[in-house]
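Chain and residue survey
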Amino acid sequence: MPTALARPRKTPKRPESARARGKAPRPAAKKKVAGKAPGGIPLLPAEDLARMRIQATTIGDLLLSAADRYPESLALVFTDGTLTYRELAENALRRARALQSLG
């Protein structure tokens, strides 16, 4: 009985890179928007969200950052008045100093 000769397997050919072919690489694709928030506001791509994270260590740092960036913007709205970020930060610092003086 004749034995079948084993044929060598063909390995799939890997596509050459653009650099290996001597061609310029394709331009990067545009970033896709991750979707829309419930209010219909478009979300940022994941790369941008990671870059935009707040680097605050405490709530106090976050308040001081907001007071530096938006001093005249409303921070708190009550039925009998409002506070801007600057006023809120000043009140918080005054109370913190009062607590420090008490020991």
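Just so we're clear, the structure is a prediction, and the values are computed from it rather than from any experiment.

**Observations regarding the overall build of the protein chain**
- Assigned secondary structure in the protein chain consists of three helices and two strands.
- Start at the N end of the protein chain and walk to the C end: the helices and strands fall as α-α-β-β-α.
- If you take every contact in the protein chain between residues at least 6 apart in sequence, the share linking residues at least 24 apart comes to 10%.
- Accessible surface, the protein chain as shown: approximately 10,300 Å² in total, 58% of it carbon and sulfur.

**Concerning the pairing of strand S1 (residues 74-78)**
- Here S1 pairs with strand S2 (residues 81-84) via four bridges, running antiparallel. Following the sheet pairing, leucine 76 is matched in S2 by leucine 83.
- The loop that links S1 with its antiparallel partner S2 comprises two residues.

**Observations concerning helix H2 (residues 59-69)**
- When we look at burial in H2, the residues that qualify are Leu63, Ala66 and Ala67. Across the axial projection of H2, the buried residues extend over an arc of 100 degrees, all falling on one side. Residues of H2 that are exposed and point more than 90 degrees away from the buried face comprise Asp68 and Arg69.
- Each element contacted by the buried residues of H2 is listed here: helix H3 (85-102).

**Some remarks on the pattern of salt bridges**
- This structure, assessed with the given rule, holds one salt bridge.
- The salt bridge partner of arginine 86 is glutamate 72, with a shortest N-O separation of 1.8 Å. Residue arginine 86 is found in helix H3, and its partner glutamate 72 is found in the loop between H2 and S1; the two are separated by 14 residues along the sequence.

**Concerning the confidence of the model for the protein chain**
- Here the protein chain shows a mean pLDDT of 76. Residues at 70 or above account for 46%.
- Here helix H1 (residues 46-51) is the element of the protein chain with the lowest mean pLDDT, 62, and S2 is the one with the highest, 96.

**A closer look at the side chain of threonine 84**
- Tracing the backbone shows threonine 84 in strand S2.
- At a separation of 3.5 Å, a polar atom in the side chain of threonine 84 contacts the main-chain carbonyl oxygen of proline 71.
- Apart from the residues lying within four places of it in its own chain, the contact partners of threonine 84 are Pro71, Glu72, Ser73, Leu74 and Ala75.

**Describing the environment of alanine 66**
- Looking at the secondary structure, you find alanine 66 in helix H2.
- Along the primary structure alanine 66 and tyrosine 85 are separated by 19 residues, whereas in three dimensions their C-alpha atoms are 6.5 Å apart.

**Looking at H3**
- Relative to the 26 Å expected for 18 residues at 1.5 Å per residue, H3 spans 26 Å between its end C-alpha atoms, a close match to the ideal helical length.
- Where H3 terminates, the next one or two residues include glycine 103, which has phi positive at roughly 95 degrees.

Conventions used here
- Sequence positions are assigned chain by chain, starting from 1 and proceeding in written order.
- Given that the model is predicted, a residue must reach a pLDDT of at least 70 before its local features are reported, and side-chain atom pairs must reach 80 or more before they are shown or counted; all residues, however, enter totals for whole chains, interfaces and linings.
- With hydrogens and water set aside, each side-chain value is computed from the structure's full complement of heavy atoms.
- Helix and strand assignments follow DSSP, with helices taken as H or I runs no shorter than four residues and strands as E runs no shorter than two, numbered in order from the N terminus.
- We call two residues in contact whenever any of their non-hydrogen atoms come within 4.5 Å of each other.
- Using a 1.4 Å probe, accessible areas were evaluated by the Shrake-Rupley method; residue-level cover was limited to the displayed protein chains.
- At least two bridges found by DSSP between two strands are what make those strands a pair.
- For each residue, the accessible area found with a 1.4 Å probe, counting protein chains only, is set against the maximum for its type, and the residue is called buried under 20%, exposed over 50%, and partly exposed in between.
- The reported arc concerns the directions from the helix axis to the C-beta atoms and nothing else.
- What counts as a salt bridge is simple: a side-chain nitrogen of Lys or Arg found within 4 Å of a carboxyl oxygen of Asp or Glu.
- Per-residue confidence from the predictor is reported as pLDDT, a score between 0 and 100.
- Polar contact criterion, stated in full: a pair of N or O atoms within 3.5 Å, where within protein one must be able to donate a hydrogen and the other to accept it, and residues adjacent in sequence count only if both atoms are side-chain atoms.
- Expected helix span is taken as 1.5 Å per residue step, with the number of steps being one fewer than the number of residues.

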